[in-house]
Amino acid sequence: MLGGRECVGEDADFSWQQAAFGKGKYRRKTIGFGKFNKKSKTYEDLEIYIRELSIVEGGIGCAVWDAAIILSRWIMDNQQVFNDKTVLELGSGVGLPGLVAAYFAKEVYLTDYLPNLIDNLNYNLQLNKVTDPSPTPTPISKNDPAPEGGYLKQTKDITQNTFTSLLDWHQPNSPSVPIPKADVILGSELTYNMLNIDALLIVLEQYLKPEGVFYEVLSDDRDGVSIFLEKIKALEWQVEIQ
């Protein structure tokens, strides 16, 4: 633990028991990339600070999923994909992949469908605001002190190029903030069931540029994966599976 926050490297597990810690309760995590310096208590490449919600308030978007960790690691290894690009993250949850991408992209839109999640995305965005290269960021409020320990090596202020918006896939024309067509759309475990696949396909066709790319990390044992792949291939999308 660092300053009351769980310190998480590139391997992380999601626990529903830990997530269900009650309404009004929060958990803070540091997600680190690169080697961990024990002396300075920082990760060499990047640190992202995350506040997780209870499952009561955030639903399945309340915490960092394993797939989000994997996607974020991929972003760190493929930074050139995002250079000067507009990026849209669907089903952002607590926003980890989108926040990582914001350090390399032209602009990033973090989206989800619950107001509580959007409020928390705004919180996490401010939590990672770079205002001073000193090792201690400015507190968000008197009751929520700034995280101790490491600090971002990047000097980019991602609050200037990152935006949040409600986006209900079943009402894709009504985001709370105008969302432009994206060069890159990101998602982790978006196709975990069959109920939202058709809506997801509509959102992808509406918000992805014709030459754009959709990157998703998913588990192949999820109910909706095979159907999603079948339908997206039927739309004549070029699909690569790794």
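The following refers to the structure shown. (Residues numbered from 1 in each chain as written. Predicted model: local features only at pLDDT ≥ 70, side-chain atom pairs only at ≥ 80, totals over all residues. Heavy atoms only, no water.)

### Quick word on the sheet that holds strand 6 (residues 86-89)
Strand pairing in a sheet takes place through backbone hydrogen bonds and is either antiparallel or parallel in direction.
Okay, step 1: Read across the sheet, five strands follow the order 8-7-6-9-10 without closing on themselves; strand pairing throughout is parallel. Bordering the open sheet on either side are strand 8 (162-166) and strand 10 (208-217), each of which pairs with just one other strand. With direction set aside, neighbouring strand axes in the sheet form an average angle of 20°.
Okay, step 2: For strand 7 (residues 107-112) and strand 8, the ladder comprises five bridges, and the chain directions are parallel. Within the sheet, the bridge partner assigned to Val108 lies in strand 8 and is Thr162. (Pairing = 2+ DSSP bridges. Helix = DSSP H or I, 4+ residues; strand = E, 2+ residues; numbered from the N terminus. Axes fitted to C-alpha atoms, helices over the stretch in contact; angles between N-to-C directions.)

### With respect to helix 6 (residues 197-207)
Okay, step 1: All buried positions along helix 6 are accounted for by Ile197, Ala199, Leu200, Leu201, Val203, Leu204 and Tyr207.
Okay, step 2: The inward-facing, buried residues of helix 6 contact strand 6, strand 9 (182-188), strand 10 and helix 7 (225-234). (Buried < 20%, exposed > 50% of the residue type's maximum accessible area, 1.4 Å probe, protein only. Contact = heavy atoms within 4.5 Å.)

### Thoughts on the nonpolar core
Okay, step 1: In terms of nonpolar packing, the biggest core is built from 33 residues, with Ile48, Ile50, Ile75, Phe82, Leu96, Val100 and Leu186 touching the most fellow members.
Okay, step 2: Mapped by element, the contributors of at least two residues to this core are strand 2 (27-33), strand 5 (46-52), helix 3 (66-77), helix 4 (96-101), strand 7, helix 5 (115-127) and strand 9.
Okay, step 3: In terms of residue count, helix 3 provides more of this core than any other element does, six residues in total.
Okay, step 4: Aside from chain neighbours lying at most four places away, what touches Ile50 is Arg27, Arg28, Lys29, Ile31, Val64, Val94, Leu96, Leu99, Asn124 and Leu127.
Okay, step 5: Tyr109, Ala182, Ile185 and Ala199 belong to the second largest nonpolar core, which has 20 residues in total. (Core = buried A, V, L, I, M, F, W, Y, C linked by side-chain atoms within 4.5 Å.)

### A look at the packing of aromatic side chains
Okay, step 1: Summed over all chains, the structure comprises five aromatic pairs.
Okay, step 2: Ring geometry for Phe36 against Tyr43: centres 4.9 Å apart, planes inclined by 55°, an arrangement best described as tilted.
Okay, step 3: Judged by its relative accessible area of 35%, Phe36 falls in the partly exposed class.
Okay, step 4: With a relative accessible area of 9%, Tyr43 lands in the buried category.
Okay, step 5: An angle of 40° between the planes, with centres 4.6 Å apart, marks the rings of Trp74 and Tyr215 as tilted. Within this pair, whereas Trp74 is found in helix 3, its partner Tyr215 is found in strand 10, the two being separated by 141 residues in sequence. (Phe/Tyr/Trp six-rings, centres within 6.5 Å; stacked < 30°, edge-to-face > 60°.)

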